[in-house]
Amino acid sequence: MNLYAEYLENLNQLTLILSADRSLISNYTIDEKWFNLALSSNNEANIRINLNAFEYNAINLKEIKSNNQNESIFRLSSARLIKKPSCSATIQTQPNSINSIKCLACQTEIVKNAGCFNYLKLPENDLDELADNFFCHLHDHNHNKCHEEDLTNILNPMRDKKHLRKSILENLTLIVLNSNHLSPGSLNEESLDLKCSQCLANLGYRKKSSLDFFIWKSSVMLNNCHLFNVSSLFSQLGQGKYLFETKKNSNLLFIWILTDKALFKHLKFTELNSEIKLNVDIVKKYLFKLLTKEKDEIEIKRLKNDCNVNSILVSKELFENILDRMNESNSQLCGSLQKSNNFYFSII
């Protein structure tokens with residue numbers, strides 16, 4: 001048996017959903033401390049939920065009719081959360097310089113051993129299209145001597161063959177390298193896909209007529225640390241709309257983070273005679289939907305043209321991991337919380 005509790009702070013409203021047929025609940029009562037449920041079973045089991053974390057008036061508890069026969073819903077209005085929980089999520093700090101990039105699968109080094117490169121942030125959206133317009137801002141130059149030099153040949157686009165940049169560039173999911181950074185023979189190229197020369201793991205891609213190598217953060221270790229996975233990606237995404245896609249996949253994943261400060265708790269009862277103290281946690285509440293280029297062409301085009309939707313390019317492996325994480329979370333929710341119209345809910 002499962003209990004799902006969601007507190008809406010702006011409404012001062014606590015909703016309790018019990019995954020049990022209403023006919024199994026013979027009686028329920030509430031006092032200033034406990035919400036009591038009596039279950040009609042052979043052993044006359046009872047479940048007591050401690051509501052000490054809230055201030056409320058017992059007369060404001062109402063039962064909500066549900067279309068799902070396997071759920072019982074109760075709503076407590078004018079309830080105040082006494083102490084809001086602190087957010088436990090931590091965002092990993094990114095390094096300022098890079099001296100090592102290794103294949104995550106086999107630990108093969110792909111940058112020059114003697115290298116130590118600046119690590120500079122780029123825009124998150126449309127990196128492929130914007131990169132051609134980037135100009136060097138002398139990050140790798142001695143600014144103290146600028147007045148003594150002719151800088152005409154230094155301020156070239158970053159893809160100029162004669163002046164390959166020394167800095168390594170990065171955005172949310174990609175690292176951008178050139179031949180200045182790569183260790184000879186560390187990468188194999190197959191139809192513009194970049195693979196580790198030792199284990200053939202998928203590390204990134206290259207574009208035609210480009211001097212840059214786009215490496216997936218999720219496929220490598222930076223300075224001997226694996227800093228990027230689904231959890232670290234989600235920790236960097238705030239409230240908003242996101243469209244995830246890969247280079248060679250007909251599927252796209254639309255994710256809408258409704259709020260990054262939802263107050264929610266999922267409790268499992270292993271014993272029917274139980275006493276549970278209810279404390280809500282700060283979580284992110286998502287809507288998500290898997291789209292295919294064949295069936296959802298119009299919707300995909302609309303989302304890509306929407307300035308409020310952030311397009312994020314990820315590796316095929318990370319895409320599958322994100323989708324698995326969404327589906328796993330959705331499967332743990334009760335029926336009334338799983339789906340709304342054509343979207344699925346996820347709470348992480």
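In this text the structure is predicted, and so the values were computed from the model without any measurement. (Residues numbered from 1 in each chain as written. Predicted model: local features only at pLDDT ≥ 70, side-chain atom pairs only at ≥ 80, totals over all residues. Heavy atoms only, no water.)

Draft legend 1. The arrangement of the packing of aromatic side chains in detail. Counting across every chain of the model gives nine aromatic pairs. Ring centres of Phe288 and Tyr344 lie 5.9 Å apart, and the angle between their planes is 35°; this geometry places the pair in the tilted category. Taken together, the positions of Phe288 in strand β23 (residues 281–292) and Tyr344 in strand β26 (residues 343–347) put the pair 56 residues apart, joining distant regions of the chain. A relative accessible area of 3% means that Phe288 is categorised as buried. Its relative accessible area of 34% is what places Tyr344 among the partly exposed residues. Each member of the aromatic cluster is reached from another via a ring pair, and the members are Tyr28, Phe35 and Phe74. (Phe/Tyr/Trp six-rings, centres within 6.5 Å; stacked < 30°, edge-to-face > 60°. Helix = DSSP H or I, 4+ residues; strand = E, 2+ residues; numbered from the N terminus. Buried < 20%, exposed > 50% of the residue type's maximum accessible area, 1.4 Å probe, protein only.)

Draft legend 2. Representation of the pattern of salt bridges. Here the structure, examined in full by the defined rule, presents eleven salt bridges. For Glu6, the salt bridge identified is with Lys285, shortest N-O distance 2.9 Å. Here Glu6 is found in strand β1 (residues 2–8), whereas its partner Lys285 is found in strand β23, with 279 residues between them in sequence. Each member of the pair, Glu6 as well as Lys285, carries the same accessibility label: buried. The salt bridge partner of Glu299 is Lys289, with a shortest N-O separation of 3.1 Å. Here Lys289 lies in strand β23 and Glu299 lies in helix α3 (residues 297–304), a separation of ten residues in the sequence. (Salt bridge = Lys/Arg side-chain N within 4 Å of Asp/Glu carboxyl O.)

Draft legend 3. The nonpolar core, seen in detail. If you look at the biggest cluster of nonpolar residues, it comprises 30 residues, and the most contacted ones within it are Leu14, Phe35, Leu51, Phe54 and Leu278. At the level of elements, β1, β2 (13–18), β3 (25–30), β4 (34–39), β5 (46–50), β8 (72–76) and β21 (251–268) are the ones that each hand at least two residues to this core. When sequence neighbours within four positions are dropped, the list of residues in contact with Phe54 reads Tyr7, Leu14, Arg80, Leu81, Ile82, Leu278 and Val280. (Core = buried A, V, L, I, M, F, W, Y, C linked by side-chain atoms within 4.5 Å. Contact = heavy atoms within 4.5 Å.)

Draft legend 4. Summary view of the environment of Glu328. As for its placement among the helices and strands, Glu328 is situated in helix α4 (residues 316–331). Considered as a pair, Glu328 and Ile347 are 19 residues apart in the sequence and their alpha carbons are 9.9 Å apart.

Draft legend 5. Expanded view of the state of the cysteines. Overall, the coordinates contain zero disulfides when judged by the stated rule. Here Cys196 is not cross-linked by a disulfide; its sulfur's nearest cysteine counterpart is in Cys106, at 3.5 Å. Its relative accessible area of 0% is what places Cys196 among the buried residues. (Disulfide = S-S within 2.5 Å.)

Draft legend 6. Structural detail: α4. For α4, spanning 16 residues, the distance from its first C-alpha to its last is 23 Å, which sits close to the expected 22 Å at 1.5 Å a residue. Considering only its buried residues, α4 is in contact with α2 (230–235), β20 (240–245), β21, β23, α5 (335–338) and β26. (Expected span 1.5 Å × (residues − 1).)

Draft legend 7. A look at the environment of Ile276. Assignment of secondary structure puts Ile276 in strand β22 (residues 274–277). For the pair formed by Ile276 and Trp34, sequence separation is 242 residues and the distance between their alpha carbons is 9.6 Å. Apart from the residues within four sequence positions on either side, Ile276 is in contact with Trp34, Arg48, Ile49, Asn50, Leu267 and Phe269.

Draft legend 8. Representation of a negative patch on the surface in the model. Together, Glu317, Glu320, Asp324 and Glu328 line one region of the surface with negative charge. Mapping Glu317 onto the fold places it in helix α4. Judged by relative accessible area, which is 36%, Glu317 ranks as partly exposed. (Patch = residues over 30% accessible without salt bridge, like charges linked within 9 Å, V, L, I, M, F, W, Y side chains within 5 Å. Areas by Shrake-Rupley, 256 points an atom, 1.4 Å probe, with all protein chains shown as cover. Lys, Arg positive; Asp, Glu negative; His and termini not counted. Charge placed at Lys NZ, Arg CZ, Asp CG, Glu CD.)

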